[in-house]
Amino acid sequence: MSNAPPSTYLIWSIVACMLLLFLLYHLYSFDHFKCIRWNSGPYSGAFKRIMTYTYLVTVPLIATFAIGFTVLKYREGYVDLPPHGVIPKPYTLWAPAHRRSIFPLNLAFSVAWALEMVTHLEELCFWLFLVTSQTSPNQNWFKSVYFRTWVVGSVVAIVYMPLVTIFTRQDSLKSEAYTFLAGGLGSLSLTLWFTPILWNFKAFLQTLKREAVDHATIVRLTKFHELNSIRILFRFLFTIPFVILGADGVRANPVVNRNAFAIEFLTNIAAVGCGVSSGLTLIIFFPRSIESEIAAKESRHQLSGIDGDSIISRFEPPELLVPEESSTTKFAYDLPALSPNRKRGSDVEIGRIDGGDRMSLNPMVHNFTSPIDMDHRLMRERVFPNSRNHSRLTFTRP
């Protein structure tokens, strides 16, 4: 992007600022910024903190990179350079103070890209974990190979991306090209690995329907599937242009980077892809429930308008509605059999509903609300409440 005109960076700045404003609006609407607190709830463990703050840092870094280069590009302007004609002033002709700003801005973009790969790798590993839950129903996310893959891959991304920018900083043009190429290849590989998940997700939903999973879970997973499909499309729009620009930039005689139309087209497409895909990631990480928000607002409105008489009337016993033919009442479906309490020696075994052990899916399918809403301290109770004996509780008589 060294040969890109100032307007290209202006578009990047506009997209980054819109993304930042959407971030603030969405988090305020989500829970009034409570989710960014250090202790934001029962599942605010180390994993959720890492994923939350990783994303929150990424967006300002991208905005810093875009706005910084926009200011520098407009200050440097254009130059008449025979035989190329009037072109954006190359880095080598910039003022010394402006040249010194190139490396910090490129490093900020490199760190942001590394953190974004951490985010997208977690999404990839999490959805792989969820889709394969039917083959390993008792698997714990924090003990799975997918979680370990995310840890190793995140460390690699955080280390190699800044190092590429640092080791090539002597040549600003090559540093930018290698940064784009390294980040583009890493993000493109994650995006390609995500496509099989999208392809198999409909079959996964059919499996859930055969397992008689509740309708709310099916709706929630369908929504996530559609959001991920759109997000992956824009991820391709973000990564492919940078791979093209980076691969061409490291060549001795670049071709694409000397074509004004190609530079503007590819960089503008990448800006749109980056903004939309990052916005969808925010929606997936912090999913709003419009129904719950409306119900909460109506509840607060009703409570604020309650007077003393209405409060007293709430304690009056309601009228009992007895059906005319209560003895012939039929259910629309067969209820599962109940197992009674049983005495075993000095213990009392609590009864249960039969059929609970036939679930061939990870219970996390029913319980999760977001790919980052997990904590290792509560995972056992939340997903596997009775991991030693999936059905029975016993109490010892004192």
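These lines cover the structure that appears in this document, whether it is placed above or below. A quick note: this is a predicted structure, and the numbers were derived from the prediction, not measured.

About the criteria used
Residues numbered from 1 in each chain as written. Predicted model: local features only at pLDDT ≥ 70, side-chain atom pairs only at ≥ 80, totals over all residues. Heavy atoms only, no water. Salt bridge = Lys/Arg side-chain N within 4 Å of Asp/Glu carboxyl O. Helix = DSSP H or I, 4+ residues; strand = E, 2+ residues; numbered from the N terminus. Buried < 20%, exposed > 50% of the residue type's maximum accessible area, 1.4 Å probe, protein only. Expected span 1.5 Å × (residues − 1). Bend = angle between axes of the 7 residues up to and from the residue. Polar contact = N/O pair within 3.5 Å; in protein donor to acceptor, adjacent residues only side chain to side chain. Axes fitted to C-alpha atoms, helices over the stretch in contact; angles between N-to-C directions. Parallel < 35°, antiparallel > 145°, perpendicular 65-115°, else oblique. Contact = heavy atoms within 4.5 Å. Nonpolar A, V, L, I, M, F, W, Y, C, P; charged D, E, K, R; others polar. 1 Å grid on protein atoms, 1.4 Å probe; cavity = no way out; pocket = protein on both sides within 12 Å on 5 of 7 lines; lining within 4 Å. Points joined across faces, edges and corners; volume = space filled by probe spheres on them. Pairing = 2+ DSSP bridges. Core = buried A, V, L, I, M, F, W, Y, C linked by side-chain atoms within 4.5 Å.

### So, the pattern of salt bridges
Then comes step 1: Applying the stated rule across the entire model yields 4 salt bridges.
Then comes step 2: With a shortest N-O distance of 3.3 Å, Lys89 and Glu76 are connected by a salt bridge. Placement of the pair is Lys89 in the loop between strand S2 (85-88) and helix H3 (96-100) and Glu76 in helix H2 (residues 46-76), with a sequence separation of 13 residues.
Then comes step 3: Glu76 sits in the buried class, given a relative accessible area of 9%.
Then comes step 4: Two residues, Asp248 and Arg251, come together in a salt bridge whose shortest N-O distance is 3.5 Å.

### Structural notes on helix H6 (residues 172-210)
Then comes step 1: Spanning 39 residues, H6 covers 57 Å between terminal C-alpha atoms, matching the ideal 57 Å at 1.5 Å per step.
Then comes step 2: The largest bend in H6 amounts to roughly 40 degrees and is located at Asn200.
Then comes step 3: Its side-chain oxygen at 3.2 Å from the backbone nitrogen of Leu173, Asp171 defines the N-terminal cap of H6.

### Quick word on the packing of helix H1 (residues 6-31) against helix H8 (residues 260-285)
Then comes step 1: Relative to each other, H1 and H8 sit at 5 degrees, their axes nearing to 9 Å. Taken together, H1 and H8 sit at an angle that is classed as roughly parallel. Across the interface between the two elements, Ser7, Thr8, Ile11, Trp12, Val15, Leu19, Phe22, Leu23, His26 and Leu27 from H1 touch Glu264, Thr267, Asn268, Ala270, Ala271, Cys274, Gly275, Ser278, Gly279, Leu282 and Ile283 from H8.
Then comes step 2: Looking at side-chain class alone, the contact of H1 with H8 contains 12 nonpolar, 8 polar and 1 charged residues.

### Let's talk about empty space enclosed by the protein
Then comes step 1: One pass over the structure, following the stated rule, counts 5 cavities of 30 Å³ or more.
Then comes step 2: There is about 60 Å³ of room inside the largest cavity.
Then comes step 3: Contributions of two or more residues to the lining of the largest cavity are made by H2, helix H4 (102-131) and H8.
Then comes step 4: Taken together, the residues of the lining of the largest cavity sort by class into 2 nonpolar, 5 polar and 1 charged.

### What about the pairing of S2?
Then comes step 1: Bridge analysis of strand S1 (residues 78-81) against S2 gives 4 bridges, and the strand direction is antiparallel. Bridge pairing in S2 links Asp80 to Val86.
Then comes step 2: Where S1 folds back on S2, the antiparallel hairpin that results is connected by 3 residues.

### Some thoughts on the nonpolar core
Then comes step 1: One finds Trp12, Trp127 and Trp141 to be the most contacted residues of the largest nonpolar core, which totals 76 residues.
Then comes step 2: Ranked by residues supplied to this core, first place goes to H4 with 16 residues.

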